[in-house]
Amino acid sequence: MATEIGNRLWRFHGGLKLRNYKVMSTDHAVLHGLPIPEQLILPISQHMGIPARPVVEPGDKVLKGQVVAIGDGFVSASVHAPSSGTVTAIAKRLVPSAAGGTMGISIVLETDGEDKWIQRDGIRNFETLAPDEIRARVSNAGIVGLGGAVFPSHIKLMRDIHQTVETVILNGVECEPYISCDEMLMRERAVPVVTGGRMMRHALEAKRCIIAIEDHMELAGRVLRGVVAEIGDDRVSVVDVPTIYPQGGERQLIETLTGQQVPSGGLPVQIGVVCHNVATAAAVQDAITDGIPLISRYVTVTGPGVKNPSNVEALIGTPLSQLIEACGGYTGDVPMLILGGPMMGYAMSTDDLPVIKATNCVLALVSEDVRETQKEMPCIGCMECVNVCPADLLPQTLFLHAKERQLEQARSYGIFDCIECGCCAYVCPSHIPLVDYYRVTKNRIWKIDEQRQKAEHARRRHEFRERRRQRQETARTDHLRERERALDTKDPQDAIAEAVKRSRQHRARRHRKDKD
Ligand code: SF4
Ligand code: SF4
């Protein structure tokens with residue numbers, strides 16, 4: 001039954017009710033057809049996994065949709081030209097990152113204004129495609145999770161022979177304040193969202209596809225339900241979930257819909273669920289039906305620091321400054337520019353950064369919105385953080401271990417289950433920047449794990465070489481012993497004749513070699 005899951009909802013632990021500020025960017029249509037930027041910056045690492053490998057060189061002319069860097073590692077994603085033009089450089093450029101901007105290898109494309117497409121290969125009836133073909137087309141199109149995780153989507157469409165996927169969840173829950181690009185996408189592109197969800201269900205041979213939206217998204221819900229009814233696929237349904245932060249977290253959403261918790265350190269597929277973002281679903285349908293790779297996305301440009309907050313359809317590689325300009329420019333002084341939402345986003349030092357596949361929101365805040373950094377006080381053990389933690393962790397204990405650099409204890413208290421939602425820091429009366437502590441601690445643990453892995457690898461290599469040396473040594477000793485035994489049992493005259501013969505053969509071989 002398509003509606004078994006979703007008929008009843010569960011409640012995950014903790015979370016916060018936040019003012020959402022979305023209406024400032026949802027009361028008008030998405031801006032399409034922005035001028036093509038003269039220059040597009042295309043980082044080769046816009047996804048989780050191995051960076052894509054450039055397959056063009058400076059001076060090459062490329063067409064819109066052409067692969068410029070191929071994702072040929074197992075966990076990787078290709079990068080395509082968002083417009084036609086000439087590659088002018090492959091070099092380090094400032095690209096968005098958690099540090100606000102870091103230098104990353106990028107393909108620099110000077111556009112020619114013609115916007116000329118490469119020949120495209122789409123297919124109308126996706127049900128004639130085998131699941132493997134769907135995965136291959138998704139991989140070729142460079143599609144990654146557009147909810148922020150940017151994990152290559154074709155991998156999440158692989159079926160594990162040991163685990164059956166019952167339910168594909170399309171995550172349309174956009175719980176962070178201000179961000180509304182998914183809501184607008186569902187309103188404006190409901191057919192691609194629903195069709196993309198059906199394609200993913202088909203690829204995973206799952207029983208059902210549930211599109212989860214927040215209960216305040218009435219218009220998006222109406223449009224999606226209308227499309228589902230028109231298509232008449234009873235394996236697809238739309239479910240409203242309560243608006244509570246961070247309902248859009250994958251684990252929290254799965255718990256709300258199924259009542260089941262994803263095991264700590266595990267994956268949703270272990271409980272028969274695969275979760276994709278609604279924008280990823282739309283990108284999948286674009287790739288399969290029209291042969292369009294991932295070269296653009298919806299971005300929310302909002303906040304009191306922007307004159308006309310809006311959602312815009314932007315080509316990957318477009319400078320953020322151009323999106324701000326399309327939305328009327330800044331209202332005045334903007335002391336803080338955030339990439340993402342106010343809870344989980346990152347402060348940026350400049351708007352001279354390109355849109356990448358992960359870019360969902362640019363938030364410009366004015367002085368009144370920016371609280372002065374409060375002095376960190378000692379933890380008073382009030383347990384407020386425990387009450388709001390949606391991952392059911394003990395944030396204050398994690399904090400103490402993080403502060404004391406007790407990395408193994410932090411690991412055992414589940415630091416890697418922390419989704420960095422910021423609820424704990426939001427309520428902490430001692431103004432402890434808890435998420436910063438967790439991020440630093442995770443990085444420290446990752447580095448130590450990496451060093452351990454390298455040491456383990458070196459140890460194995462050394463052992464392997466040692467075993468091989470011993471094997472060779474033993475073989476040589478055995479061979480010498482064998483010869484000695486043979487000599488002992490032979491007639492001395494025969495042994496001398498054989499030695500002379502071997503010596504002649506050896507000289508003849510050397511002579512031949514010298515002549516060659
Ligand atoms: S940031 Fe981590 S520890 Fe804090 S509330 Fe969120 S999940 Fe829990
Ligand atoms: S909310 Fe802050 S002060 Fe209270 S227990 Fe948690 S870390 Fe300590």
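Predicted, not measured: the structure shown is a model, and the values here were computed from it.

Topic: the site of ligand 2
Line of reasoning, step 1. The local shell around ligand 2 consists of Cys 379, Ile 380, Gly 381, Cys 382, Met 383, Glu 384, Cys 385, Gln 396, Cys 428, Pro 429 and Ser 430.
Line of reasoning, step 2. Because more than half of its atoms lie within 2 Å of the grid, ligand 2 is assigned to the largest cavity.
Line of reasoning, step 3. Classifying every residue of the shell around ligand 2 by side-chain character gives 7 nonpolar, 3 polar and 1 charged.

So, helix H14 (residues 434–489)
At 3.6 residues per turn, the α-helix brings residues three or four places apart onto the same side.
Line of reasoning, step 1. For H14, with 56 residues, the first-to-last C-alpha span of 82 Å sits near the 82 Å given by 1.5 Å per residue.
Line of reasoning, step 2. Taken as a whole, H14 has its buried residues at Leu 434, Val 435, Tyr 437, Tyr 438, Thr 441, Lys 442 and Ile 445.

A short note on unusual backbone geometry
Line of reasoning, step 1. For the bond running from Tyr 245 to Pro 246, omega is 0°, close enough to zero to count as cis.
Line of reasoning, step 2. With respect to the secondary-structure elements, Pro 246 resides in the loop between strand E10 (236–241) and helix H7 (250–258).
Line of reasoning, step 3. Here the phi dihedral of Glu 205 falls at roughly 50°; this positive angle occurs in a residue that is not glycine.
Line of reasoning, step 4. Note that Glu 205 resides in the loop between helix H5 (190–204) and strand E9 (208–214).
Line of reasoning, step 5. Taking relative accessible area as the criterion, Glu 205 reaches 45% and is therefore assigned partly exposed.
Line of reasoning, step 6. Unlike most non-glycine residues, Asp 392 shows phi in positive territory, near 60°.
Line of reasoning, step 7. Along the chain, the position of Asp 392 falls in the loop between helix H10 (384–388) and helix H11 (395–403).

Considerations on the sheet that holds strand E16 (residues 361–365)
Line of reasoning, step 1. Spatial ordering of the open sheet is given by E13-E12-E16-E14-E15, a layout of 5 strands whose pairing is mixed. The sheet is open, and its two borders are formed by strand E13 (310–315) and strand E15 (346–348), each paired with just one other strand. Each strand axis lies, on average, 30° off the axis of its neighbour in the sheet, ignoring direction.
Line of reasoning, step 2. Two strands pair when backbone bridges link them, and strand E12 (residues 296–302) and E16 are joined in this way by 3 bridges, in the parallel orientation. The partner of Val 301 across the bridge, within E16, is Val 362.

Structural notes on the side chain of Asp 417
Line of reasoning, step 1. One can find Asp 417 in the loop between helix H12 (407–412) and helix H13 (423–427).
Line of reasoning, step 2. Side-chain polar atoms of Asp 417 contact the backbone nitrogen of Gly 265, separated by 3.4 Å.
Line of reasoning, step 3. Excluding residues that lie within four positions of it along the chain, Asp 417 makes contacts with Arg 251, Ser 264, Gly 265, Ala 391 and Leu 393.

Remarks on the nonpolar core
Line of reasoning, step 1. Membership of the largest hydrophobic core comes to 55 residues, with the highest contact counts inside it found for Ile 143, Leu 170, Ile 211, Leu 224 and Ile 288.
Line of reasoning, step 2. In terms of residues, this core owes the most to one element, helix H8 (residues 278–290), which gives 8 residues.
Line of reasoning, step 3. Listed in part, the 21 residues of the second largest apolar core include Leu 16, Leu 253, Ile 254 and Leu 257.

Regarding the site of ligand 1
Line of reasoning, step 1. With respect to spatial proximity, 13 residues lie near ligand 1, and among them Cys 389, Cys 418, Cys 421, Gly 422 and Cys 424 are the closest.
Line of reasoning, step 2. Mapped onto the shell around ligand 1, the elements with two or more residues apiece are H13 and H14.

Examining the side chain of His 276
Line of reasoning, step 1. Its place among the elements puts His 276 in strand E11 (residues 273–277).
Line of reasoning, step 2. The residues touching His 276, leaving out its near neighbours within four places in the chain, are Ser 153, Lys 156, Leu 157, Ile 169, Leu 170, Asn 171 and Met 200.

Some words on the layout of surface pockets
To find leftover empty space, one rolls a probe the size of a water molecule over the atoms.
Line of reasoning, step 1. Its boundaries defined by the atoms lining it, the second largest pocket holds a volume of some 1,400 Å³.
Line of reasoning, step 2. If you go around the second largest pocket, you meet 35 residues; those closest to its centre are Met 336, Pro 342, Met 343, Arg 371 and Tyr 426.
Line of reasoning, step 3. At the level of secondary structure, the elements contributing two or more residues to the lining of the second largest pocket comprise strand E14 (336–339), E15, E16, H13 and H14.
Line of reasoning, step 4. For the lining of the second largest pocket, the element with the highest residue contribution is H14, accounting for 4 residues.
Line of reasoning, step 5. The class makeup of the residues in the lining of the second largest pocket is 22 nonpolar, 6 polar and 7 charged.

Quick word on empty space enclosed by the protein
Line of reasoning, step 1. This structure, assessed with the given rule, holds 2 cavities of 30 Å³ or more.
Line of reasoning, step 2. Considering only enclosed or pocket space, the largest cavity measures out at about 110 Å³ in volume.
Line of reasoning, step 3. Cys 379, Cys 382, Cys 385, Gln 396 and Cys 428 are, among the 13 residues lining the largest cavity, the residues nearest its centre.
Line of reasoning, step 4. Residue composition of the lining of the largest cavity, by class: 10 nonpolar, 3 polar and no charged.
Line of reasoning, step 5. Within this model, the second largest cavity holds a volume of roughly 90 Å³.

Digging into the domain arrangement of the protein
Line of reasoning, step 1. As assigned here, the protein comprises domain 1 (23–315) and domain 2 (384–442).
Line of reasoning, step 2. A straight line from the C-alpha centre of domain 1 to that of domain 2 covers 30 Å.
Line of reasoning, step 3. Listed per partner, the contact involves 7 residues of domain 1 and 7 residues of domain 2.
Line of reasoning, step 4. Interface of domain 1 and domain 2: buried area, both sides summed, is about 520 Å²; carbon and sulfur atoms make up 49% of it.
Line of reasoning, step 5. If you sort the residues of domain 1 by the area they bury against domain 2, Tyr 245, Pro 246 and Gln 252 come out on top, with a joint share of 66%.
Line of reasoning, step 6. For the pair domain 1 and domain 2, the number of links is 0 salt bridges.
Line of reasoning, step 7. Applying the counting rule to domain 1 against domain 2 returns 4 residue pairs in polar contact (both at pLDDT 80 or more).
Line of reasoning, step 8. Among the residues forming the side of domain 1 that touches domain 2, the class breakdown is 2 nonpolar, 4 polar and 1 charged.

Topic: the environment of His 32
Line of reasoning, step 1. Tracing the sequence through the fold places His 32 in the loop between helix H1 (23–26) and strand E1 (39–43).
Line of reasoning, step 2. With relative accessibility at 40%, the residue His 32 sits in the partly exposed group.
Line of reasoning, step 3. Note: C-alpha distance between His 32 and Asn 311 (279 residues apart in sequence) is 9.0 Å.
Line of reasoning, step 4. Ignoring anything within four residues of it in the chain, the contact list for His 32 reads Glu 188, Tyr 298 and Glu 313.
Line of reasoning, step 5. In this structure the side chain of His 32 is engaged in a polar contact, spanning 2.7 Å, whose partner is the side chain of Glu 313.

What about the pairing of strand E6 (residues 85–95)?
Line of reasoning, step 1. Alignment of strand E3 (residues 61–62) against E6, held across 2 bridges, turns out to be antiparallel. Directly across from Val 62, in E6, lies its bridge partner Gly 85.
Line of reasoning, step 2. Bridging between E6 and strand E7 (residues 102–111) involves 10 bridges; their strand directions are antiparallel. Across the sheet, Ile 90 pairs through a bridge with Ile 107, a residue of E7.

Analysis parameters
- Residues numbered from 1 in each chain as written.
- Chains lettered and ligands numbered in written order.
- Predicted model: local features only at pLDDT ≥ 70, side-chain atom pairs only at ≥ 80, totals over all residues.
- Heavy atoms only, no water.
- Near = heavy atom within 4 Å.
- 1 Å grid on protein atoms, 1.4 Å probe; cavity = no way out; pocket = protein on both sides within 12 Å on 5 of 7 lines; lining within 4 Å.
- Sits in = over half its atoms within 2 Å of the grid points.
- Nonpolar A, V, L, I, M, F, W, Y, C, P; charged D, E, K, R; others polar.
- Helix = DSSP H or I, 4+ residues; strand = E, 2+ residues; numbered from the N terminus.
- Expected span 1.5 Å × (residues − 1).
- Buried < 20%, exposed > 50% of the residue type's maximum accessible area, 1.4 Å probe, protein only.
- Pairing = 2+ DSSP bridges.
- Axes fitted to C-alpha atoms, helices over the stretch in contact; angles between N-to-C directions.
- Polar contact = N/O pair within 3.5 Å; in protein donor to acceptor, adjacent residues only side chain to side chain.
- Contact = heavy atoms within 4.5 Å.
- Core = buried A, V, L, I, M, F, W, Y, C linked by side-chain atoms within 4.5 Å.
- Points joined across faces, edges and corners; volume = space filled by probe spheres on them.
- Domains from an automatic or database assignment.
- Buried area = accessible area lost by both parts, 1.4 Å probe.
- Salt bridge = Lys/Arg side-chain N within 4 Å of Asp/Glu carboxyl O.

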